[in-house]
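Fold and contact review
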Amino acid sequence: MLSINDKDLGTPTRDSAKLITLEVDGRAVTVPEGTSVIRAAALADVAIPKLCATDSLEPFGSCRLCLVEIEGRKGFPASCTTPVEAGMKIRTQSEPLSKLRRGVMELYMSDHPIDPFECKAGGKCELHEMANAVGLVHVRYGDDGRNHRHVPIDDSNPYFTFDPSRCIVCSRCVRACDETQGTFALTIEGRGFNSQMVAGQHEHYIDSECVSCGACVQACPTDALMEKSLLEKGRADRAIVTTCGYCGVGCSFKAEVKAGTRGDEVVRMVPNKDGLPNHGHSCVKGRFAWGYATHPDRVKRPLIRKRISDPWQEVSWDEALGYAAAEFNRVQQKYGRGSVGGITSSRCTNEEAYLVQKLVRAAFGNNNVDTCARVCHSPTGYGLKTAFGTPAGTQDFDSVAAADVILVIGANPTEGHPVFASIMKRRLRSGARLIVADPREIDLVRMPHVEADYFLQLTPGTNVALFNAMAHVVVTEGLVNEQFVADRCDAGEFKQWREFSAGEHNSPEAAAKVTGVPAEKIRGAARLFARGPNSAIYYGLGVTEHSQGSTAVLAMANLAMATGMLGRPGVGVNPLRGQNNVQGSNDVGSFPHELTGYRHVSDPQLRADFEKVWHVAIDPEPGLRIPNMFDAALDGSFLGLYIEGEDIAQSDPNSQHVAAALSAMEIVVVHDIFMNETAKYAHVFLPGSSFLEKNGTFTNAERRISRVRKVLPALAGKEDWEVTCALSNALGYPMNYNHPSEIMDEIARLTPTFAGVSYEKLDRLGSIQWPCNDAAPAGTAVMHVGGFVRGKGRFLITEYVATDERTTSRFPLILTTGRILTQYNVGTQTRRTLNVTWHPEDVLEIHPHDAEQRGICEGDWVEVTSRAGAIALRAEITERVAAGVVYTTFHHPETGANVVTTENSDWATNCPEYKVTAVQVMPTARRPERLPADRIIAAASPSAR
Amino acid sequence: MDIHHLVKMANEIGGFFGSSPEHEVAVNSIAQHLKNFWEPRMRREIIEHAHREDCALTPLVREAVLRLDQTSRPS
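On a predicted model such as this, the values are computed, not experimentally measured, just so you know. (Residues numbered from 1 in each chain as written. Chains lettered and ligands numbered in written order. Predicted model: local features only at pLDDT ≥ 70, side-chain atom pairs only at ≥ 80, totals over all residues. Heavy atoms only, no water.)

1. Quick look at the overall build of chain B
In plain terms, the rule: The numbering of helices and of strands both runs from the N terminus, where a helix is a DSSP run of H or I of at least 4 residues and a strand a run of E of at least 2. For the radius of gyration, the atoms used are the C-alpha atoms, and the globule rule reads 2.2 Å times the number of residues raised to 0.38. Partly exposed residues are those whose accessible area sits between 20% and 50% of the maximum for their type, while under 20% is buried and over 50% is exposed, using a 1.4 Å probe and protein chains only. Computed by Shrake-Rupley with a 1.4 Å probe, the accessible areas treat only the displayed protein chains as cover when residues are assessed.
Along the backbone of chain B there are 4 helices and 0 strands. Moving toward the C terminus, one meets the helices and strands of chain B in the order α-α-α-α. Relative to its length of 75 residues, chain B is compact, with a C-alpha radius of gyration of 11 Å against a globular reference of 11 Å. Its C-alpha atoms give chain B principal-axis dimensions of roughly 30 × 30 × 25 Å. Out of the 75 residues in chain B, the part that is buried amounts to 53%. As displayed, chain B has an accessible area near 3,800 Å², and 52% of this comes from carbon and sulfur atoms.

2. A closer look at the overall build of chain A
Selection criterion: Two residues form a contact once any of their heavy atoms are found within 4.5 Å. By the counting rule applied here, Lys and Arg register as positive and Asp and Glu as negative, while His and the ends of each chain are not counted. To locate a charge, the coordinates of NZ of Lys, CZ of Arg, CG of Asp or CD of Glu are taken.
Broken down by element type, chain A carries 29 helices and 36 strands. On C-alpha atoms alone, chain A measures out to a radius of gyration of 29 Å, which is about the 30 Å that the 2.2 N^0.38 rule sets for 945 residues. In terms of its C-alpha atoms, chain A occupies a principal-axis envelope of roughly 85 × 70 × 65 Å. Among the 945 residues that make up chain A, the fraction classed as buried is 66%. Long-range contacts, defined here as pairs at least 24 residues apart, represent 72% of the contacts in chain A between residues at least 6 apart. As presented, chain A carries roughly 32,500 Å² of accessible surface, and 50% of it is formed by carbon and sulfur atoms. In chain A, 98 side chains carry a positive charge and 112 a negative one; their mean positions are 3 Å apart.

3. Observations regarding the nonpolar core
Which entries qualify depends on this criterion: Side-chain atoms within 4.5 Å link the members of a nonpolar core, which is a set of buried Ala, Val, Leu, Ile, Met, Phe, Trp, Tyr and Cys residues.
In this structure, Met470 of chain A together with Trp38 of chain B are the most contacted members of the largest nonpolar core, which totals 110 residues. Broken down by element, this core gets its largest block of residues, 10 residues, from helix α19 (residues 549–562) of chain A. Core analysis: the next-biggest nonpolar cluster, separate from the first, contains 72 residues, Phe162, Val249, Trp290 and Val400 of chain A among them.

4. Quick word on the interface of chain B and chain A
Counted only if it meets this: In short, buried area is how much 1.4 Å probe accessible area vanishes from two parts on joining, totalled over both. Only one rule defines a salt bridge in this text: a Lys or Arg side-chain nitrogen within 4 Å of an Asp or Glu carboxyl oxygen. In the analysis that follows, any N or O atom pair within 3.5 Å is treated as a polar contact, provided that within protein one partner can donate a hydrogen and the other can accept it, and provided that, for residues neighboring in sequence, both atoms belong to side chains. Lys, Arg, Asp and Glu make up the charged group, whereas Ala, Val, Leu, Ile, Met, Phe, Trp, Tyr, Cys and Pro make up the nonpolar group; the residues left over, Gly among them, are polar.
Taken together, the contact pairs 23 residues of chain B with 30 residues of chain A. Counting the surface lost from both chain B and chain A, the interface buries some 2,200 Å², and carbon and sulfur atoms represent 55% of this. Across the salt bridge formed by Arg43 of chain B and Glu621 of chain A, the nearest N and O atoms sit 2.8 Å from each other. Here chain B and chain A share 10 residue pairs in polar contact (both at pLDDT 80 or more) between them. If you list the elements that add at least two residues to the side of chain B that touches chain A, you get α1 (3–17), α2 (23–37) and α3 (40–50) of chain B. Among the elements that take part in the side of chain B that touches chain A, α1 of chain B stands out by supplying 8 residues, more than any other. Classifying every residue of the side of chain B that touches chain A by side-chain character gives 10 nonpolar, 5 polar and 8 charged.

5. Notes on the packing of helix α13 (residues 463–476) of chain A against helix α16 (residues 508–515) of chain A
Residues and elements named next belong to chain A. Quick reminder of the rule: Angles here are taken between N-to-C directions and fall from 0 to 180 degrees, while the axes themselves are lines fitted to C-alpha atoms, restricted in helices to the stretch in contact. These descriptions rest on fixed angle ranges, namely under 35 degrees for roughly parallel, over 145 for roughly antiparallel, 65 to 115 for roughly perpendicular, and the rest for oblique. Rotating anticlockwise by less than a right angle from the far helix to the near helix defines a left-handed crossing, while the corresponding clockwise rotation defines a right-handed one.
Their axes nearest at 9 Å, the elements α13 and α16 cross at an angle of 165°. Regarding the angle of α13 to α16, the classification is roughly antiparallel. As α13 runs across α16, the sense of the crossing is left-handed. Here Ala465, Leu466, Ala469, His472 and Val473 of α13 lie close against α16, whose contacting residues are Pro508, Ala511, Val514 and Thr515. Per-class residue counts for the contact of α13 with α16 are 7 nonpolar, 2 polar and no charged.

6. Observations concerning the environment of Ala78 of chain A
Residues and elements named next belong to chain A. Relative to the helices and strands, Ala78 is located in the loop between β3 (69–70) and β4 (89–91). When its relative accessible area of 6% is taken as the criterion, Ala78 is described as buried. The sequence separation of Ala78 and Val68 amounts to 10 residues, and the corresponding C-alpha distance is 6.4 Å. When sequence neighbours within four positions are dropped, the list of residues in contact with Ala78 reads Arg64, Cys66 and Leu67.

7. Considering the sheet that holds strand β13 (residues 313–314) of chain A
All names here are of chain A. Where we set the bar: Here a strand pair is declared whenever DSSP counts at least two bridges between the two strands.
Reading across the sheet, the 7 strands line up as β13-β12-β27-β26-β25-β14-β15 and stay open at both edges, with mixed pairing between neighbours. The sheet is open, and its two edges are formed by β13 and β15 (369–371), each paired on a single side. Relative to β15, strand β14 (residues 340–344) runs parallel, the two sharing 3 bridges. The residue bridging Thr344 from the neighbouring strand is Thr371, located in β15. The strands touched by helix α9 (residues 350–364) within the sheet are β14, β15 and β25 (640–644), with β14 carrying the most contacts at an inclination of about 170°. Contacts from helix α22 (residues 626–635) reach β14, β15 and β25, with the element oriented near 125° to β15.

8. Comments concerning the sheet that holds strand β34 (residues 870–877) of chain A
All names here are of chain A. The strand order around the closed barrel formed by 6 strands is β31-β35-β32-β34-β33-β36, and the pairing between neighbours is mixed. Strand after strand, the sheet turns through a mean of 45° between neighbouring axes, direction not considered. Here 5 bridges tie strand β31 (residues 813–818) to strand β35 (residues 885–889), and the two strands are oriented parallel to one another. Residue pairing in the sheet places Thr816 in a bridge with Tyr887 of β35.

9. A few points about unusual backbone geometry
Residue and element names in this part refer to chain A. Looking along the chain, the bond that leaves Gly532 and enters Pro533 is cis, with omega of 0°. In this structure, Pro533 sits in the loop between α17 (519–531) and β21 (535–539). A cis geometry characterises the amide bond from Trp770 onward to Pro771, with omega recorded as 0°. Relative to the elements of secondary structure, Pro771 occurs in the loop between β30 (767–769) and β31. Look at His202: it is not a glycine, yet its phi comes out positive at around 60°. Within the element layout of this structure, His202 appears in the loop between β7 (196–199) and α5 (215–219). A positive phi is found at His784, a non-glycine position, where the angle reads about 60°. The topology assignment puts His784 in the loop between β30 and β31.

10. Considering the confidence of the model for chain B
Going by this rule: Every residue carries a pLDDT, the predictor's confidence in it, which falls somewhere between 0 and 100.
Looking at chain B as a whole, its pLDDT mean stands at 95, while 97% of the residues score no less than 70. In the predicted complex, the global pTM is 0.96; the interface-specific ipTM is 0.96.

11. So, the state of the cysteines
A covalent bond between the sulfur atoms of two cysteines is what we call a disulfide. Residue and element names in this part refer to chain A. The cut-off we apply is this: Disulfides are defined as pairs of cysteine sulfur atoms found within 2.5 Å of each other.
A full pass over the atoms with the stated rule returns 0 disulfides over all chains. Considering cysteine sulfurs only, Cys52 is the nearest to Cys63, which forms no disulfide, with 3.9 Å between them. According to the relative accessible area criterion, Cys63 is buried, its value standing at 3%. Take Cys216: it sits in no disulfide, and the sulfur closest to it among the cysteines is that of Cys210, at 5.9 Å.

12. Examining the packing of aromatic side chains
Residue and element names in this part refer to chain A. Cut-off, in case you're wondering: The aromatic pairing rule takes the rings of Phe, Tyr and Trp, using the six-membered ring of Trp, and pairs them if the centres are within 6.5 Å, calling planes under 30 degrees apart stacked, those over 60 edge-to-face and the rest tilted. Both a distance and an angle decide whether a charge sits over a ring: NZ of Lys or CZ of Arg must be within 6 Å of the ring centre and within 35 degrees of the ring normal.
Summed over all chains, the structure comprises 24 aromatic pairs over all chains. A ring pair is formed by Phe162 and Tyr205, whose centres lie 6.4 Å apart and whose planes are at 70°; its orientation type is edge-to-face. Residue Phe162 is found in strand β5 (residues 160–162), and its partner Tyr205 is found in the loop between β7 and α5; the two are separated by 43 residues along the sequence. On the basis of relative accessible area, Phe162 is assigned to the buried category, the value being 6%. Taking the ring centre of Trp312 as reference, the NZ or CZ of Arg305 above it sits at 4.0 Å. Geometry around Trp317 places Lys718 over its ring, the cationic atom sitting 5.6 Å from the centre.

13. Here's the deal with α1 of chain B
In an α-helix, one turn spans 3.6 residues, which is why side chains three or four residues apart end up on the same side. Selection rule: Between the first and last residue of a helix there are one fewer steps than residues, each counted as 1.5 Å, and that sum is the expected span.
In a regular helix each residue adds 1.5 Å, so 15 residues correspond to 21 Å; α1 of chain B covers 21 Å between its end C-alpha atoms and thus fits that length. Of all 15 residues in α1 of chain B, 11 are buried; the element is thus mostly enclosed. Within the sequence span of α1 of chain B, burial applies to His5, Leu6, Val7, Met9, Ala10, Asn11, Glu12, Ile13, Gly14, Phe16 and Phe17 of chain B. In this structure, the buried residues of α1 of chain B make contact with α10 (378–388), α19 and α22 of chain A together with α2, α3 and α4 (59–72) of chain B. At the N-terminal end of α1 of chain B, a side-chain oxygen is found 3.0 Å from the backbone nitrogen of His4 of chain B, two or three residues along, and the residue is Asp2 of chain B.

This is the structure we're talking about:
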């Protein structure tokens, strides 16, 4: 069911410069060529009854309700499948049309309750609205005929139900699954009266390949497919546009809210049709997994304790903030100004991250601020800024529609960035070629209507060798875009790089020995990429979380520049950001060496600009990064930390080291919505607000700034930005804002790339991609058009250096990590939703050969031991991973995946090398405490019990 | 700070910039990287280490750290 107040134009928009003018019921309307008659009519405010047509799906022409008369033509064509023509005169209302439509509706309603009170949507479904529109009040056929009322309801999905008796077999759900989501999980089975929609191989939804994106539920025009939350709570009375709090796609949603006896409550989240990142689509997390916001585990009162072994005490906000401030002051007086710091989060808004870094720089008086991007995409920042001048993705998401060749490396979009994956799959189904480079056979390698031309299953840790070999092919086979390079890149550096790349040690034959990828495959992939004409790179943490993460980003930049794949739609180097606001938290100055807009703190003029606004001197030296903070804590020189929205004890590598560092600190303040692993080491807990409880902005992976709007009151009484302001005030540095819009105004005043951003403009345009300033008042979709931001593009030599993390006879396997569709990051949110239905625990994927050698059977408990520690989890035997490689996810704290990861890190940024850990895997008698699946599900969503 | 860790990090920085065919560029790039990204107490410790006889830095990185020491001293 569409969101309340959404207008459905019947068929999708068409892009054409040629405009066609026609007449609908006497009203002139002009539309792009290729537009359907039903859409043209809707644009002229003439509503034609319809059921199988909807503007998110291609026209189907099956319901026979949208019939019209066209002057000069015989019959009654379906307006959804009839394209407009110049001078057409359309008639949408006439006696014959009314008779036809009523007849059609009567047949539909003969197998459906006509009484709106029997409709689960209270008569607000499209079927009843259409019955009303065509004036059908009575069905002549009675109730005695054959019908589908006996068909059982499929209640298996935790979030929605399918009632086949209410299905009109319009195929909207099937088409949504095919066209919008690209999973092809649904079909219409049988013929005539026996036609029915089925999931998978006639299975329950939960057992089928359905990914629970909800596109079918949204597309359904009846009450057959409905959200359980809507059935339970009833129709909402208003909708508020906001931005999803999960991954870096940053989907726009309408939060549908209803006033109830216990106050406002969210009824459902419906993806926003006008949302530019997602175009009305969503995944199982964004659409359904928001129940954590009201989970009983939420902490609603501030807590303090003197020692981490003491029990928590509930206190007032004033007492908690006063205690925290006094402790920070005490530590600084005793150990020095640089002995404290803060960590911002990519789960928090731009405004909140800006305030935390401002608090550190202005109230603490140092630059010891860092952000969780340190452990994910900091190499992206370093690499892209060095090569191009801007540490951000070069394209908008829609650019992929113009790509001829797509290279996906170290990313698993269908699991980690599912909505963008759907957009990408649409392009692949329409003919784009695909190269996948990954140690693990991700779904994109082969799935319905998508198959990679090249799957380069490389050994973890060898990305740079692979890129260098691709570059070797480009420079030795005459595939360099000489004009692009001559016009736009540093000639001297390019000459050196060309010589380096041509070296025999970079040949595919040499790289094959390192990467494990056959030379011919590397050559074929390089040729395909270089010839484009438009080739785009999409990458994730499988590139960055390595000891050569920054080198790999630079190598990708080299490859894109050498082949001229930058500066227009369809190309580019595109990081897929893990969390919703990785880009934004970096943009607003969360790194210890940079103020907003990625400008180094050593710049005296820059500091002067900030000092004028902040009224305080800014330290000109870079501060500590997160791993440096831990080292300094153990050294006794860093003893106080304010952490907003991050669970470093779970998410950072070598957990024992992190725990020891946190234990050594004298004041740890955790500001979060749940009592997380890090809070075990905290002295003050400040309760946070979820994305539904605050105002602000998120910036997604395509540099798109979108509004986060307050939907519910803050459970703990304060929005997060208010908490940081209060802490700063308690520390003695005044921060007084009335609304986050004032914080954004300050960011815009101080940051040239944000100069044109304001809440007023965001409300007007919907979203803005930075840079947004006088040169680009509406923002910038594609970067580096006509030239690089830094001037000439830089080619740096990217010698492959093997990681220190070597396999040995003691640790013969390589462990690499990733994520799964239904869970998010360390699971703080998704583990408190019914998403645990699909993933109640992390498992270890192991190749059959490695399993057999060790006597491991499917589902066995195994111990994974590394140089850093040991964990136990269940084995899943699969050929997705190559022999010699094992894989797990890190969503459940019980797994403790980071107990085994080491402190190796990227040479440039200290981003941890999560993706390569030498391990041994052996069967174990150890049985870690785990709740049974039904209890995990019950605990995840108490209201569902 | 754990000097072994700092030395490892510094040598890895040298591992990247050491690929430059021009020695001066490599030395300056390493020194600049340390200046741009290392907090002063880390720089102090690595500089102190570079002056030791049992210095574990690679020759290239040691040269860069000593240059960093020279350039960061008040003139």
